[in-house]
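Per-entry structural report
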Amino acid sequence: MEESGKKDCRALLNQGEENELEVFGYQTQNLRRVLCFATSVLTIGVLPLVFYWKPAWKVWANCTPCSLQEADTLLLRTTDEFQRYMRKKVFCLHLSTLKLPVSKNSEKPLVADRHSVINQAIIKPELKLRCIQVQKIRYVWDYLEKQFRKVGLLEDSNSCYDIHHTFGLGLTSEEQEVRRLVCGPNAIEVEIQPIWKLLVKQQSVKLHNLVEDHNKVQVTIIVKDKGLQELESRLLVPGDILILSGKIALPCDAILIDGSCVVNEGMLTGESIPVTKTPLPHKENTMPWKSHSLEDYRKHVLFCGTEVIQVKPSGRGPVRAVVLQTGYNTAKGDLVRSILYPRPLNFKLYSDAFKFMVFLACLGVIGFFYALGVYMYHEVPPRDTATMALILLTVTVPPVLPAALTIGMVYAQRRLKKKKIFCISPQRINMCGQINLVCFDKTGTLTEDGLDLWGTVPTAGNWFQAVHSFASGKAVPWGPLCAAMASCHSLILLDGTIQGDPLDLKMFEGTAWKIEDSSTDSCKFGMSDSNTIITPGPNASQSPVSAITVLRQFPFSSSLQRMSVVAQLAGDRHYQVYMKGAPEMVARFCRSETVPKNFPQELRNYTVQGFRVIALAHKTLRMETLSDVGHLEREKVESELIFLGLLIMENRLKKETKPVLKELSEANIRTVMITGDNLQTAITVAKNSEMIPPGSQVIIVEANGPEDLMPASVTWQLVETQRPGAGKMETYINIGNNSAADGKGYHFAMSGKSYQVLYQHFYSLLPKILVNGTIFARMSPGQKSSLIEEFQKLNYYVGMCGDGANDCGALKMAHAGISLSEQEASVASPFTSKTADIECVPHLLREGRAALVSSFGVFKYLTMYGIIQFVGTSLLYWQLQLFGNYQYLLQDVAITLMVCLTMSSTHAYPKLAPYRPAGQLLSPPLLLSIFLNSCFTSIVQVCAFLYVKQQPWYCEVYKHSECLLANQSNFSTNVNLEKSWTGNATMVPGSVLSFESTTLWPIITFNCVTVAFIFSKGKPFRKPIYTNYVFSLLLTSAAGLTIFILFSDFQNIYRGMEFIPTLTSWRVSIFVAALTLFCVAFFVEDGILQNRELWLLIKREFGFYSKSQYRIWQRKLAEDSAWPPTNRTDYAGDGKNRFYINKGYESPEQVPKGKFKLGGHSSEQHFWTRL
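Residues numbered from 1 in each chain as written. Predicted model: local features only at pLDDT ≥ 70, side-chain atom pairs only at ≥ 80, totals over all residues. Heavy atoms only, no water.

**Quick word on a positive patch on the surface**
- On the surface, a cluster of positive charge is contributed by Arg-33, Lys-58, Arg-87 and Lys-89.
- Secondary-structure assignment places Arg-33 in helix α2 (residues 30-42). (Patch = residues over 30% accessible without salt bridge, like charges linked within 9 Å, V, L, I, M, F, W, Y side chains within 5 Å. Areas by Shrake-Rupley, 256 points an atom, 1.4 Å probe, with all protein chains shown as cover. Salt bridge = Lys/Arg side-chain N within 4 Å of Asp/Glu carboxyl O. Lys, Arg positive; Asp, Glu negative; His and termini not counted. Charge placed at Lys NZ, Arg CZ, Asp CG, Glu CD. Helix = DSSP H or I, 4+ residues; strand = E, 2+ residues; numbered from the N terminus.)

**Observations concerning the side chain of Glu-996**
- On the secondary structure map, Glu-996 appears in helix α35 (residues 995-1014).
- By relative accessible area, Glu-996 is classed as buried at 2%.
- Dropping the residues within four chain positions of it, Glu-996 is found in contact with Leu-876, Gln-879, Gln-881, Phe-945, Val-948, Lys-949 and Tyr-954. (Buried < 20%, exposed > 50% of the residue type's maximum accessible area, 1.4 Å probe, protein only. Contact = heavy atoms within 4.5 Å.)

**Focus: the side chain of Ser-785**
- Checked against the element boundaries, Ser-785 lands in helix α28 (residues 781-793).
- In contact with Ser-785, other than residues within four places in its own chain, are Gly-809, Ala-810 and Met-813.

**Topic: the packing of aromatic side chains**
- Per the counting criterion, the structure on display carries 37 aromatic pairs.
- A ring pair is formed by Trp-1001 and Phe-1059, whose centres lie 5.4 Å apart and whose planes are at 55°; its orientation type is tilted. Of this pair, Trp-1001 sits in helix α35 while Phe-1059 sits in the loop between α37 (1051-1057) and α38 (1064-1089), and the two are 58 residues apart along the sequence. Like Trp-1001, the residue Phe-1059 is buried in the burial classification. (Phe/Tyr/Trp six-rings, centres within 6.5 Å; stacked < 30°, edge-to-face > 60°.)

**Concerning the pairing of strand β31 (residues 575-581)**
- The buried fraction of β31 is high, at seven of seven residues.
- Side chains Tyr-575, Val-577, Met-579 and Gly-581 of β31 all project onto a buried face; the interleaved residues Gln-576, Tyr-578 and Lys-580 project onto the opposite face, where all are buried too.
- The pairing of strand β30 (residues 562-569) with β31 spans six bridges and is antiparallel. Paired with Ala-567 across the bridge in β31 is Gln-576. (Pairing = 2+ DSSP bridges.)

**Points about the pairing of strand β28 (residues 532-536)**
- Burial of β28 is extensive: four of the five residues sit out of reach of the surface.
- For strand β27 (residues 513-515) and β28, the ladder comprises three bridges, and the chain directions are antiparallel. Residue pairing for β28: Trp-513 is matched across the bridge by Pro-536.
- Both β28 and strand β29 (residues 548-557) contribute to a ladder of three bridges, which runs antiparallel. Note that in β29 the partner of Ile-534 across the bridge is Ile-548.

**Some thoughts on the sheet that holds strand β9 (residues 147-150)**
- Pairing is antiparallel across the open sheet formed by four strands, whose spatial order is β6-β7-β8-β9. In this open sheet, the two edge strands, each paired with only one partner strand, are β6 (91-94) and β9. This sheet shows a mean twist of 40° between the axes of neighbouring strands, independent of strand direction.
- Direction of pairing for β6 relative to strand β7 (residues 128-134): antiparallel, over a ladder of four bridges. Opposite Leu-93, over in β7, you have Leu-129 as the bridge partner.
- Strands in contact with helix α7 (residues 173-183) are β6, β7 and β8 (137-142); relative to β8, the strand with the most contacts, it is inclined by about 110°. (Axes fitted to C-alpha atoms, helices over the stretch in contact; angles between N-to-C directions.)

Written out as structure tokens, the structure reads:
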């Protein structure tokens, strides 16, 4: 019973998703609320402030645990490493408030969708629902499942049949009203924060402007039994039928059920190329509609925020779509939510800073009790005692400390903006200072966005024929290959201009054919105006065919790596299928006898030269009627094809690529390529760009999943590159027994398929590969994100640079994602560069390092300032005294505040150093710096405090004012100054005037200037201090002003600063003490604590090594003579025979750390012989 009770009190929200939350049920107790309110009043608002920062404490104080079904308050906790808490109130929605009558019959469902959670959430006959709102998403309590479930979307359990038949005719007015109340408005609303909050959340105005127009779209829907109705998009609900009649910015996510359309998805992908959407097929089975389409379900979905630029009715009426998701459940809503609720940063700087502040606070508490003891011993009134104790308590923690940590980021952000790099997450700038691995997309990032046609390699008789070169200027000669190039694409004619994917565009241009305007020429060719008609252009090769009509299109997707079309040649009664895609993928769908036997060698011949290679294929369909084409399944179309040949395209490196990669390499920053392109092409680009340095070896890792009786396997192939002749480069697979190491560096290269198999079956082997993995080709968007996460698990600080297309997930996952796209998708990336090349990467790293060093410098300065003040104030407290108001004011405002505002404005050093700045506040150099400087200042201040008491002219002014008046002539040569003190005969305990404060203040002020100077280190991460003109002028002025006050004999200065005149020789002694302190502190900081070579020597002598996972693996692998493996195959097994095994696939963290044997360099061994 107890276990059942605990289960009822707790549940998971969004199980298995990125935003998974634990939910705990609580019931508010009135007595507890009254007690908390009384405590809040008694603590003058301190308790509410604590509850604001600790919402869990507020729930625990006001409520008692109960089942989720009875709870009126919920406590939510994230399931990630941060374990953050949120408090949410449960509220009720009453359907009785609706204008239309709602049935209270418990047997009759309120909505027609049998899968909908709404039917299971409404309590009858009360007609109410229990709801919560979490991060803009609404959840309702499901009484059947006993859990909170998301509303504002159609359930994934709906089949294709359900979507067509349940929603195909539209919703009734009654059901619309119910859904509007339960799901809320279809609006993405971002409130503009008040001015004081804008200091923290600067992007709210931009986000508001971004989504404002989304809520004001006029749309047409079908209402069941009523026909068409126009309404504002905010009134849309899941299940509505949307009519698409022309161009429109989609206000919701919708499933296309009739007709097709062309959409610009730049908002999502970052790539402004038209994407063709096809209707969801009619299926009679009960399989969920997403499962039916596997990974390619997106081809049926119109996403919110994208723009419909062309509609193609099917002939049965207008283009129709079923509203799938509304509001913040949509793709655009999810994008906005990712900005409003970003993934928290696990950066050690911030946790260390908190620990440091706790230490300073503890020091303040010690001072508090010290002050209490001293003042109570001298029987000072309690009120004065409490005041003085609280002053010492607050001295150690400077109030500007949190702001000081961010000011370096603010300056860095301004400098980045001047370089056209924009940032929406300034906290990540400091993190950029720790980046030691940068991943790059290839196409559009390392290489030029556009492709140039190089040639075609047709096939005939199972052999490749002579290359047709485009350098001649002639179009491709007519044939099936030319027909495939002319028709197998997703290009559209929009306002007289052909638009689409740059690769498709280049391929089509190579044929010299043209796309006809379907609205004017469809009748001429006897086709529907929704079909694309292609005709020969004036420069096209002579062709017996006057036109090609594209009847059906199966769009390209990165997961399928192919696209195909069904077309008809004018005058031919048969239909043709044309396919294009990745060569390896296309060959798989072709009849084996049509694929040339030397296909792998020919493909490798071009890919190793860095060419982009596309394969084409076709077949003839023998069908009776045109209507049969509309019901064809992709699996049937894409089978038994005839291989046509290869299309070769050049993809040149950007001119900035090679210098930037060289700069990163010299800075010891790893570079990795993650691309969707061919593996051999990626290897060649990596070598040409010197991402793989000359002389380094490349090992291709090819992994295959288990098949029949064969377990999963991984094969290691050593690639050797030779140049037999000028202008030609060939690649051979070495099958000898030599090791890849041979004293040279080695790099692993693999495809997305191999990565997936390694992740599932060889997870324990994955870290060994990743520490030297450089090329990852044919990677899907999901695999890119997964790879970034695996690098992070090895304690790499990962940067990701991509052009936005298919990179959005990886850009968000990385510590520093840099988008080179200006599309709206880039708002999900922390950084966006307006210049579309990778020069932005070193700029960002330099500024990140400068900001990080600045943050450390300001933090150290403020820490030392607190300690310096604490020591001086404690000494004066010993005799019940305090520094004067103007003395504090000069140090606080004129020096400390100005230092905090200007110390971080020093620009980044123009060259990246070959090492990173310290990333931890709790590191030996920094702790020693604070400790030693604290010792130096304590020694000097205590010595000065005691030594002044030994002077023959000293007297305890705070006790005996007569001694000051009697000996005043000894302290100054200025007669006016001497007279000014004759009237000051009122001396009381706790006053400011004393020889101790007059002595200590100049020393403390000089000490503040000293630490500001020595903590403002320039090279190697920042420019020299003198280049920061304002800061240099400020320090010089502060030092000069202190010297002037110290040696001046002006009565107004002494009266205002509350000093006592002293002998000139004593003032010289004070100055010498301060100068000595400066010299010692500077030598220790610059010569010892900042001496990198000295620290490396100490680490070597005492055996200190980095605890980062990738460093540990590097050391292990360096000692392993059998690593890296080459030219052999390893198999997964049961773990008893030292085979690689991953029993923790579902939970990678649970993989056992066992011993793994790589074996020698023998050739492939059959796994049965090992058993």
